[in-house]
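# Observations on the model geometry
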Amino acid sequence: MTYSISLVLAGIVAVYVGLRFLLILTQSKEEPPLLKTAIPFLEPIIGIIRERSLFYPRLRDKYNHDMYTLRLPFARIYVVNATQYIPILQKHWRTISFTPVLAGAGPGPMGMSSEAGEILHRDIMSDSNPVQAWSRAVTTALHPGEGLDRLNGRAVEVMQEMMHTLRPESQKGIPPADKERIIDFWAWTNHAIIQTTTDAVYGPGNPFKKRDFEDAWNYWTPHYLTFALAPFKSFLAAKALRTREFMVERWSEYFRAGWLEHASPFAQIMYNQQKSDGLSFDDLARAQVGHSHGIVATTGPTTWWLLYHIFSDPLVLSDLREELKPLVKVDDNTGESRIDLADIRTKCPILLSTFKEVMRYHSLGTQVRICLEDEVLNGRYLLKKGGIVMIPQLVQHTSVEAWGPDAAEFRYRRFLKGDFLIGDSGQKRKPNLTAFRAFGGGHTMCPGRHFSSTEIMAFAVLMVLQFDISPIEEGLHSPVALSKWPIPTWRNSPMVSSFQIPDHDFKVSVKPRDGTKWVMDFAKEKDGSGSGLEITAEDVKDN
Ligand code: HEM
Ligand SMILES: *[C@@H]1O[C@H](CO)[C@@H](O)[C@H](O)[C@H]1NC(C)=O
Ligand SMILES: *[C@@H]1O[C@H](CO)[C@@H](O)[C@H](O)[C@H]1NC(C)=O
């Protein structure tokens, strides 16, 4: 017994010494400094799994490198800390590339054919690469203009329908005195915005319309990473595999039935581009499961946190209602109250600032790039071919240097012009938008940012104008109002989630503020005059 234990121990020591040696031997001096891990290769894995997104801010606080290397078995990861490396990395977008990340998801976790894998990886550094052509096409389709206006127009219609179900007049058999409606705050919001987004993009035949598909999606996302990493998937990740195949089948049905004809130009361009690259019918359906991650996954939590911050803070709520008041027009003939979508985009600085602060404060995503060639950054660091570059948003979003001494606080007016943060020495200073990473940046910045920002802000406006919301607890006989809003925790957000997901749902009471019928106009949007929003550093000309 003792003998076998010491044998095992000796084995471990031998492996350990070997690994340390290997680590030092293969790490070159020109690379970003290697973190001194106690257990070579495994410690970063344990850290990433245990601490998830908090792993990188902790390493920053502990080591304070501008950039550093983490070594995993078969992989080197270069993690970016200092903001000034971000624009430099973005300039090298061809060689430090997002393309292999997107292309690799196809034949990997989406289960596409090996032919599709070859197509997606073809000429990976050139403009003619199918993934790059696809990115360019969808970026054009989502650019301010007619296509974007159609998306926003339909989104507003659908969200109005969703909100109508909250009004007492839509509830048969509810006495008018009992005018409140009780909902699960997170579940309802996420459902409503998923319906809004997917209907706008994919039209009336959209698979998310069926409850079993939305349930499948809600199962899939938190299990995605374990599924992607699991070997022997049909054995170790059987349910996730079945769920994916179920979604693929529904997408196939959607295309077979010709629903794409009734979808947005964006959805059509997305599909036709990939079809023209030679993807098979089955692979095209699989691609949509991947696209859903970009289109659907982040909108729900963003909308929810925005509503949470608005309704849980009376100051924010009253500020926003003040800001909206002059934009509301009451139609004397019909008694309807109307507000124009274009005004929400251009005349609501407090709303826009609150929205950006929600994104800064709650987003968790990481930009991941793969080095396709050896590259030297700014004459300083060597990044080796095959290395993975990571830009964790949380590191940038909690940077005191970029946001000031109150970086750790939620300040809804942070992004207001003229209300810049106070620096250490007491002078006013602008937040540095290069450190705002929620929509990414550079060549692969989120092309959906105009659509989703407008959609999410319109959603918040219609809720703010129509309803009062307060937290409640299910009492013995009837609901009991809570004196304080719960403070949501998000520790269990899935590792790949690019936004904080609340750990616990809670109930809220929703009461219409009056009997007015609310209408959102998008007349000014329809003629294609809609302009983009200033969200990221690239959008803001005077940054
Ligand atoms: C709040 C909601 C959203 C957030 C926070 C968000 C965030 C992001 C980020 C950070 C990236 C860049 C990834 C990287 O560079 O590594 C990205 C890419 C992308 N997003 Fe979004 N996104 C949102 C909504 C949307 C929506 C609604 C759409 C489509 C209508 C969309 C379409 C895309 C596409 C197509 C890409 C890939 C761009 C490329 O290939 O270069 N996003 N998004
Ligand atoms: C690491 O990043 C933080 C901001 O997150 C910054 O304040 C600090 O200066 C950086 N450290 C180095 C050595 O660049
Ligand atoms: C923002 O930060 C980047 C990177 O550190 C720097 O290059 C840029 O000059 C800064 N911009 C402002 C306005 O401070």
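Everything here concerns the structure above.
This one's a predicted model, so the numbers in the text were calculated from it and none came from an experiment.

Now for the overall build of the protein chain. Across its full length, the protein chain holds 22 helices and 16 strands. Looking at the 543 residues of the protein chain, the share that counts as buried comes to 52%. The contacts of the protein chain with a sequence gap of at least 6 include a subset with a gap of at least 24, amounting to 73%. Accessible surface, the protein chain as shown: approximately 25200 Å² in total, 58% of it carbon and sulfur.

This next bit is on the packing of aromatic side chains. Under the defined criterion, the tally for this structure stands at 28 aromatic pairs. Pairing Phe208 with Phe213 gives two aromatic rings, centres 4.8 Å apart and planes at 75°, and the pair type is edge-to-face. Residue classification places Phe208 among the buried positions, given a relative accessible area of 0%. When its relative accessible area of 0% is taken as the criterion, Phe213 is described as buried. Ring pairing ties together the aromatic residues Tyr202, Phe208, Phe213, Trp217, Phe246, Trp251, Tyr254, Phe255 and Tyr271, which thus form one cluster. Its end group placed over the ring of Tyr219, Lys239 keeps NZ or CZ at 4.3 Å from the ring centre. Sitting above the plane of the Trp403 ring, Arg360 keeps its charged end 5.3 Å from the centroid.

The next point concerns the sheet that holds strand β2 (residues 75-80). Ordered by their spatial adjacency, five strands build an open sheet running β1-β2-β10-β7-β3, and the pairing between neighbours is mixed. With one partner strand each, in any of the chains shown, β1 (67-72) and β3 (96-97) form the two edges of the open sheet. Pairing between β2 and strand β10 (residues 388-392): three bridges, direction parallel. The partner of Tyr78 across the bridge, within β10, is Val389. Seen against the sheet, helix α3 (residues 55-63) touches β1, β2 and β10 and runs at an angle of roughly 125° to β1.

About the thresholds
- Residues numbered from 1 in each chain as written.
- Chains lettered and ligands numbered in written order.
- Predicted model: local features only at pLDDT ≥ 70, side-chain atom pairs only at ≥ 80, totals over all residues.
- Heavy atoms only, no water.
- Helix = DSSP H or I, 4+ residues; strand = E, 2+ residues; numbered from the N terminus.
- Buried < 20%, exposed > 50% of the residue type's maximum accessible area, 1.4 Å probe, protein only.
- Contact = heavy atoms within 4.5 Å.
- Areas by Shrake-Rupley, 256 points an atom, 1.4 Å probe, with all protein chains shown as cover.
- Phe/Tyr/Trp six-rings, centres within 6.5 Å; stacked < 30°, edge-to-face > 60°.
- Lys NZ or Arg CZ within 6 Å of the ring centre and 35° of its normal.
- Pairing = 2+ DSSP bridges.
- Axes fitted to C-alpha atoms, helices over the stretch in contact; angles between N-to-C directions.

Interpretation note: all reported values are geometric properties and have no functional meaning in isolation.
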